[in-house]
Amino acid sequence: MSKLKKKILLVDDSPVIQTLVKKIFYGIGMEVIGLKTGAKVIDTINNNDIDLVIMDIILPDHDGMDLIRQIRKLKNSAKSQLPVICISGHYKNYKESDFEELNVKESLIKPLDYDQLVSAVKKHIGK
Amino acid sequence: MEKRHKLTAKEYPVYIQCDLTGRILFASNNCICLLGANTSELAGQNISSFLGQGIKKQLGKELDAKMTWSNPTGITKDVNVSLLVPSIDTNEVEIYLTPLYYKERESIQLNKKDFEGFIHDLRSPLNTLYQLVHLSEFEDSKEGLLLNLEKIKTITLQLSEIVHDLEGLVSEGSIMTRIIIPEKDIFPILRLIFQSDMDARKIELKLKSSLKSGFNTVYSKVLRILINLIQNAIHYSGAKTVEVNFKTDSKKNIKIEVKDDGKGIYAEDFSSLTKPYVRKDESNQNPEGKGLGLYIVQRLAEVLGGKIEMPQVKSGTKIVITLPGFISQGLEEKLDTKARSGWKSLKGKEIYVLDDDNLNLTFVSNILTKQGIIVNSFRTGKDLLESLHTHVPDLIILDIILSDKDGVIVASEIIEQLGNKTPLLLALSGKVTSFNSLSYKCSGFDEVMAKPVIPQDLLEIINTMFLDTGENNQRLLNEIQNLPAFDESVLRKIDEFTKEDIREELFESFQSEVEETMKLWISNETYLKKKEIFRTLHTWKSSAATLGFVKMEFYSKYLENKFLKSEIKISDINKLLQIISEIKKIINIKR
């Protein structure tokens, strides 16, 4: 049986993005768990029923791509295959193939296009 | 475009303006000797029937000069024709076509009918082609096949002509690009054109200028304006003295005055004369011309963004053409002081060019090499970045849209790699708006130039770049300062999504974001590694962009770039805080 509310994990150190994304997804009936650093990402995924991850590639303590790699190695297959959407100011250190390898569904460039973000999330986890 | 500067005494330019069918709309007076007809005989006639006739009369022998006109697209396009006779001893006649009226037609825009014309012109030969190919399949005789092949060949040529014409429509627009010209370059050409008038009618042509520097304009159009005005003065008002004077007014407009001592034009006639095919007096004893002169002048002045006026004078006629905003701010002084004394500084400079388009790369390289610049070309950002490990040139020209990487990213990588040793960076972009140009400049480019590249413009920009590196920053800061604090539409969009007004909340989170890092930074700058400070600025930038805080976004971008070049000071950060408090004030007012 599916849950009532879809749960999104947002990993981004910017309080602005945190506030904004939370408000936007609350508005369309989704729950957002926010993390400003990468330290607790794996724990949070293990302890919650997360449906999708929005990950900033550049974090103060971690490389977002490394975190996605760790997610893909999780033992729980449902969790290891979580849909991930990357957000970043630029992707100059990564090629498209890097994202494909980690099965990243979308990579959005900041400043965020809200329409794009919402439709990307809806596309991968439905409403 | 033809160069008329280097004409020798044996060359005779004539100025004929006709449409693409070859119908002459306007011809200058010296056509008489070259084409064997005077201007009134020529007007409305087809140029091909006159070509070479005058020379034949002059030389007493036939000239092998052929000119064919084609206009397969059905669009009338006025062209300017110069007939050059390189030497009386040879029997070669060169014809140069210069599109004259292209831009205003483009600005009017092609309409549905034009496109229907293209489609029609393309469709009928294509249909014939199809039929011919189809017929050939069933053709048994060799002769029949050969005949069909011959027809196919002709149609293919016809099609390629149409394509050529369409190409012309696309590329000719760029001919309008303004270049800096010293008005004194025009003077010898005017003298040459009116030499026969000056001799035969004993007319004095006074050419004066009080401009301190050249002005930025479309050369061919200004020349055309002057030719028409002088011609009018000589032929219609019987002037004995014509005076041309270039001036600037207090608003830095260029004023071109053409004064004559002829019989003058009444003010009420003036407005009608600026309409096509109207002459002052139909019963005028002087039958020359079709009355297009002033109309053309008026249209050209309009195209150049200027106007034509006829101030009342005691005797004769005075016509003033005002051409606005011709010299970009700051450039005038530069031209005055250094550039005008000759752009010697470019010789021996080293410039790297990055463009994935081979044609562009060769084109730009050639322009630079001709100036004695040492040029190194690169096809990919990767190659360029690698070469910078061993050697850094004086300037790098980067194409913005590259196949492997965005030019902006390549620039940021260059800056990251070279820090304060970063050379001057020039962006070549297909589309330059004031907004994206500012954005490129904040990302570390020193200048931005629109494509297609016009040689003079490129050299002018490069010269200016070498002249004023320090001042660029100050100018950029002023530009940022003039930006709006925020883009209201972005905030409205957020409201739409969240279904409530959260700007205050967003602003607070933004402020805390900035303050947190600020504290850290001020307390112990060495605590944060370079990369982290850079990251912080980057976050501010993207947060500001997300919220539509335009000024903040651009300023952060500017600081980010400045930081990478190791130039940032604490006062820069204080300025950032000022901008934030400015935004805060506006948000509070709105509330």
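As the structure is a computational prediction, the values presented were derived from the model and not from experiment. (Residues numbered from 1 in each chain as written. Chains lettered and ligands numbered in written order. Predicted model: local features only at pLDDT ≥ 70, side-chain atom pairs only at ≥ 80, totals over all residues. Heavy atoms only, no water.)

Scanning chain A for helices and strands turns up six helices and five strands. Ordered by position from the N terminus, the helices and strands of chain A form the series β-α-β-α-β-α-α-β-α-β-α. Split into buried and exposed, the 127 residues of chain A put 54% on the buried side. For chain A, the share of sequence-separated contacts (at least 6 apart) that also reach a separation of at least 24 residues comes to 63%. For chain A, the exposed surface amounts to about 5900 Å²; the carbon and sulfur share of it is 47%. (Helix = DSSP H or I, 4+ residues; strand = E, 2+ residues; numbered from the N terminus. Buried < 20%, exposed > 50% of the residue type's maximum accessible area, 1.4 Å probe, protein only. Contact = heavy atoms within 4.5 Å. Areas by Shrake-Rupley, 256 points an atom, 1.4 Å probe, with all protein chains shown as cover.)

This part is about the packing of helix 6 (residues 114-125) of chain A against helix 18 (residues 488-498) of chain B. For the pair helix 6 of chain A and helix 18 of chain B, interaxial distance at closest approach is 11 Å and the crossing angle is 30°. Here helix 6 of chain A lies roughly parallel to helix 18 of chain B, going by the angle between them. Of helix 18 of chain B, the residues touching helix 6 of chain A (which contributes Tyr114(A), Asp115(A) and Val118(A)) are Val490(B), Lys493(B), Ile494(B) and Phe497(B). Of the residues that constitute the contact of helix 6 of chain A with helix 18 of chain B, the class distribution is five nonpolar, no polar and two charged. (Axes fitted to C-alpha atoms, helices over the stretch in contact; angles between N-to-C directions. Parallel < 35°, antiparallel > 145°, perpendicular 65-115°, else oblique. Nonpolar A, V, L, I, M, F, W, Y, C, P; charged D, E, K, R; others polar.)

A separate point is the pattern of salt bridges. Inspection of the entire model under this criterion finds eight salt bridges over all chains. Glu505(B) is the partner of Lys23(A) in a salt bridge, and the nearest nitrogen-oxygen pair spans 3.5 Å. Highlighted residues: Lys23(A) in helix 1 (residues 15-27) and Glu505(B) in helix 19 (residues 503-523), drawn from two different chains. Here Glu505(B) falls in the partly exposed class, since its relative accessible area comes to 36%. (Salt bridge = Lys/Arg side-chain N within 4 Å of Asp/Glu carboxyl O.)

On to the sheet that holds strand 3 (residues 52-56) of chain A. Residue and element names in this part refer to chain A. Here five strands make up an open sheet; going across it, the order is 2-1-3-4-5 and the pairing parallel. One side of each edge strand has no neighbouring strand; the edge strands of this open sheet are strand 2 (30-35) and strand 5 (104-109). Sheet twist, expressed as the mean angle between neighbouring strand axes with direction ignored, is 20°. Across five bridges, the pairing between strand 4 (residues 84-88) and strand 5 is parallel. Paired with Ile-87 across the two strands is Leu-108, which belongs to strand 5. Running at roughly 165° to strand 2, helix 1 makes contact with strand 1 (6-11), strand 2, strand 3 and strand 4 of the sheet. (Pairing = 2+ DSSP bridges.)

This next bit is on the nonpolar core. Ranked by internal contacts, the top residues of the largest apolar core, which has 79 residues, are Phe25(A), Ile54(A), Leu384(B), Leu398(B), Ile414(B) and Met552(B). Tallying contributions element by element places helix 21 (residues 550-564) of chain B first for this core, with eight residues. Split by domain, the residues of this core number at least three in each of domain 4 (340-454) and domain 5 (488-590) of chain B. Setting aside its immediate chain neighbours within four residues, Phe25(A) contacts Ile8(A), Met30(A), Val32(A), Ile54(A), Leu117(A), Val118(A) and Val121(A). Within the second largest apolar cluster, 33 residues are counted, among which are Phe187(B), Phe194(B), Met198(B) and Ile308(B). (Core = buried A, V, L, I, M, F, W, Y, C linked by side-chain atoms within 4.5 Å. Domains from an automatic or database assignment.)

Quick look at helix 21 of chain B now. With 15 residues, helix 21 of chain B should cover 21 Å at 1.5 Å per step; its first-to-last C-alpha distance of 21 Å lies within 8% of that length. Burial runs high along helix 21 of chain B: 15 of the 15 residues are buried. (Expected span 1.5 Å × (residues − 1).)

A few words now on the packing of helix 1 of chain A against helix 6 of chain A. Residues and elements named next belong to chain A. Packing of helix 1 against helix 6 brings their axes to within 11 Å, and their N-to-C directions diverge by 55°. By the criterion of interaxial angle, the relationship of helix 1 to helix 6 is oblique. The way helix 1 lies across helix 6 gives a crossing that is right-handed. Facing helix 1, whose interface residues are Leu-20, Val-21, Ile-24 and Phe-25, helix 6 presents Tyr-114, Leu-117, Val-118 and Val-121. (Left-handed = near helix turned anticlockwise from the far one by under 90°.)

On to unusual backbone geometry. You will see that Asn103(A), though not glycine, has its phi angle at about 55°, which is positive. Examined against the element boundaries, Asn103(A) turns out to sit in the loop between helix 5 (96-101) and strand 5.

Glancing now at the pairing of strand 11 (residues 317-323) of chain B. All names here are of chain B. In terms of burial, strand 11 is a largely internal element, seven of the seven residues being buried. Burial of the side chains of strand 11 extends over both faces: Thr-317, Ile-319, Ile-321 and Leu-323 are buried on one face and Lys-318, Val-320 and Thr-322 on the other. As judged from the seven bridges shared by strand 9 (residues 254-260) and strand 11, these two strands associate in the antiparallel manner. Paired with Ile-254 across the bridge in strand 11 is Leu-323. One ladder, built from three bridges, connects strand 10 (residues 307-309) with strand 11; its direction is antiparallel. Directly across from Lys-307, in strand 11, lies its bridge partner Thr-322.

In this complex, chain A contributes 22 residues to the contact, which on the side of chain B involves 27 residues. Buried surface at the junction of chain A and chain B, both sides included, amounts to about 2100 Å², of which 64% is carbon and sulfur. Seen at the junction of chain A and chain B, the total is one salt bridge. Secondary structure elements with two or more residues in the side of chain A that touches chain B: helix 1 and helix 6 of chain A. If you tally residues by element for the side of chain A that touches chain B, the top one is helix 1 of chain A, at eight residues. The residue inventory of the side of chain A that touches chain B, partitioned by class, reads 12 nonpolar, five polar and five charged. (Buried area = accessible area lost by both parts, 1.4 Å probe.)

Take the sheet that holds strand 16 (residues 447-450) of chain B next. All names here are of chain B. Taken together, five strands build an open sheet; the order of strands is 13-12-14-15-16 and the sheet is parallel. Of all strands in the sheet, those bounded by a partner on one side alone are strand 13 (374-378) and strand 16. In this sheet, neighbouring strand axes are inclined to one another by 20° on average, regardless of whether the strands run parallel or antiparallel. Bridge analysis of strand 15 (residues 424-429) against strand 16 gives four bridges, and the strand direction is parallel. Counterpart to Leu-428 in the pairing with strand 16 is Met-449. Against the sheet, helix 14 (residues 407-418) makes contact with strand 12 (350-354), strand 14 (395-399) and strand 15, and its axis sits at roughly 155° relative to strand 14, the strand it touches most. Packed onto the sheet, helix 16 (residues 455-467) meets strand 12, strand 14, strand 15 and strand 16 and runs at close to 150° relative to strand 15.

All right, on to the packing of aromatic side chains then. Residues and elements named next belong to chain B. Across all of its chains, the model carries four aromatic pairs over all chains by this definition. Ring centres of Tyr-352 and Phe-378 lie 5.1 Å apart, and the angle between their planes is 55°; on these two criteria the pair is classed as tilted. Taken as a pair, Tyr-352 in strand 12 and Phe-378 in strand 13 lie far apart in primary sequence, 26 residues in all. With 5.8 Å between their ring centres and 35° between their planes, Tyr-555 and Tyr-558 make a pair best called tilted. Taken as a pair, Tyr-555 and Tyr-558 lie in helix 21 at a separation of three residues, close to a single helical turn. We note that Tyr-555, like Tyr-558, is buried. The residue whose ring lies beneath Lys-349 is Phe-466, and the NZ or CZ to ring-centre distance is 4.4 Å. Looking at Lys-557, its charged tip hangs above the ring of Phe-554, at a distance of 5.7 Å from the centre. (Phe/Tyr/Trp six-rings, centres within 6.5 Å; stacked < 30°, edge-to-face > 60°. Lys NZ or Arg CZ within 6 Å of the ring centre and 35° of its normal.)

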